[in-house]
Structures are given as C-alpha cells and as structure tokens.
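Architecture at a glance
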Amino acid sequence: DVKVTQSSRYLVKRTGEKVFLECVQDMDHENMFWYRQDPGLGLRLIYFSYDVKMKEKGDIPEGYSVSREKKERFSLILESASTNQTSMYLCASSLLPAPITGLVNPYNEQFFGPGTRLTVL
Amino acid sequence: AQTVTQSQPEMSVQEAETVTLSCTYDTSESDYYLFWYKQPPSRQMILVIRQEAYKQQNATENRFSVNFQKAAKSFSLKISDSQLGDAAMYFCALDYYGGATNKLIFGTGTLLAVQP
C-alpha cells in the first residue's frame, strides 16, 4: 500500500515564525503536491513538484515556498507565518511522470497524507 | 480555467436510505477524469469512485454510483443503503493534465450526516 506521511498532525506557531511542513512518500512516486483545505473553499493547490528539485506554482502560492531535495520528501515552507495561514495542509503524491505530448492523459491517482492542522497565533 | 461546483454544503440521510450529492464542473479539456473523495473525521482522503470522461457508462462501486452527464457537465454521486460509516465530507474533483502533470481541482465539499 502507498503510504504518505506528514510530520505533524497538529502544529501551533506564532506569527512571524518560519514553519516547515514535511511530507514523505514511500512508493517512489514522481509527483508530490501540497494543498490547503479551508471550510467552504475545499482543497486548493499551493505547489507541486514533478521531479527532484523541480516545482511549479499552484493556485495559491503566495506566502509559501517548497523544497524537494530527495524524491521521497516534499517540504512546504512558510517563511514568515501569518494568522491567515491557519489551515489544514494536505500532502499528496502520484506515480506517473509527465505524459508525452500527444498521448492520452493516463489515469494517475493522487494518494493523500493524513493532514497537518496548523494554527498561527 | 477548470472549475468544480458543489451547491449542497450539507446533506442528511436516514440509515438504509439513498442520497444523491450534486456536482457540476467546467473544463475546456476533452480528456479528463472525475472523482468523488470521502474525508471522514480522521481527515484521511479516500477515493470513492472515478469516471473517465471518454466512457459513457456510469461508474459503480458497490453501494456508490455516479450519474455522469457529459454534455451538461454534471457528475452526481448516489449512495444507496446509507450506513453510519458513510458520514463524512464528500469532495467532487476534476483531474486534468495541466502542463507538467495531472492536477486536481476540488469542489467546496458536501458534509453528509447519516441519521440512525
């Protein structure tokens, strides 16, 4: 079974602190994702990575950065935490690399971690 | 741009009854997948069912089935014989190929309560 783990279930930080959220997957997946989940807004993509050291912005990257130095680990960084970053953060991974242009989009399921509930005071 | 809309923030069903959760979406892609995810209080996202856009036949998984209306861009989830363990937040999601890899766009969720 695919396992995606996140370093903390609950985290409390102070405004201005630098925060690291860690995600590890054990199935040699190519792609990893960070989402934040807020009531009434669903899940929104912050950043994703399709290879080691490769990353792309999602829909709401402002205030966040990411790091992927090893294939199995994807970190979300809040350089200076703010109260509006209080949220649930979900990590996910998927297996397949980017499809070759022109081919049918293959099914590429995302597997999710258990989430980190971050509170910024 | 891709969008997913769930217009029912909360739903309630009696145990053993049937409930339908609604979802509409918009995409200019011709090749995509649609999913329903379940998120129980444990917060673990669980894939319930998926539908390939090129398939006309509606997907089914045991007590879960979908009504996929491609022209109307509608994708509803029917849960038959509802059980207490079905109580959860349900998210509709659109999977499309967006540049480097597949991406998911989620709806805002429907919180389902199951009454004994």
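Here the structure is a predicted model, which is why all the values come from computation and not from measurement.

This part is about the interface of chain B and chain A. Each partner contributes to the interface: chain B provides 24 residues, whereas chain A provides 33 residues. Roughly 2400 Å² of surface becomes buried between chain B and chain A when both sides are summed, with 51% attributable to carbon and sulfur atoms. For the interface between chain B and chain A, the tally reads 6 residue pairs in polar contact (both at pLDDT 80 or more). Broken down by element, the residue count for the side of chain B that touches chain A peaks at 5 residues, all from strand β11 (residues 102–106) of chain B.

A few words on the pairing of strand β9 (residues 74–79) of chain B. Residues and elements named next belong to chain B. Most of β9 sits out of view: 5 of its 6 residues are buried. In terms of strand pairing, strand β3 (residues 19–21) meets β9 through 3 bridges, oriented antiparallel. From the neighbouring strand, threonine 20 faces β9, where its bridge partner is lysine 78. The antiparallel hairpin formed by strand β8 (residues 64–69) and β9 contains 4 residues in its connecting segment, where lysine 73 sits at a positive phi of about 55°.

Residues and elements named next belong to chain B. Among the nonpolar cores identified, the biggest contains 27 residues, and Tyr32, Trp36, Phe75, Leu77 and Tyr90 are the most heavily contacted of them. Residue assignment for this core shows that the elements contributing at least two residues are β3, β5 (32–39), β6 (46–52), β8, β9, β10 (88–97) and β12 (110–115). At 5 residues, the largest contribution of residues to this core is made by β10. Not counting the four nearest positions on each side in its chain, tyrosine 32 is found in contact with Tyr25, Thr27, Gln51, Glu52, Ala53, Phe68, Lys70, Leu94, Asp95 and Tyr96.

About the thresholds
Residues numbered from 1 in each chain as written. Chains lettered and ligands numbered in written order. Predicted model: local features only at pLDDT ≥ 70, side-chain atom pairs only at ≥ 80, totals over all residues. Heavy atoms only, no water. Contact = heavy atoms within 4.5 Å. Buried area = accessible area lost by both parts, 1.4 Å probe. Polar contact = N/O pair within 3.5 Å; in protein donor to acceptor, adjacent residues only side chain to side chain. Helix = DSSP H or I, 4+ residues; strand = E, 2+ residues; numbered from the N terminus. Buried < 20%, exposed > 50% of the residue type's maximum accessible area, 1.4 Å probe, protein only. Pairing = 2+ DSSP bridges. Core = buried A, V, L, I, M, F, W, Y, C linked by side-chain atoms within 4.5 Å.

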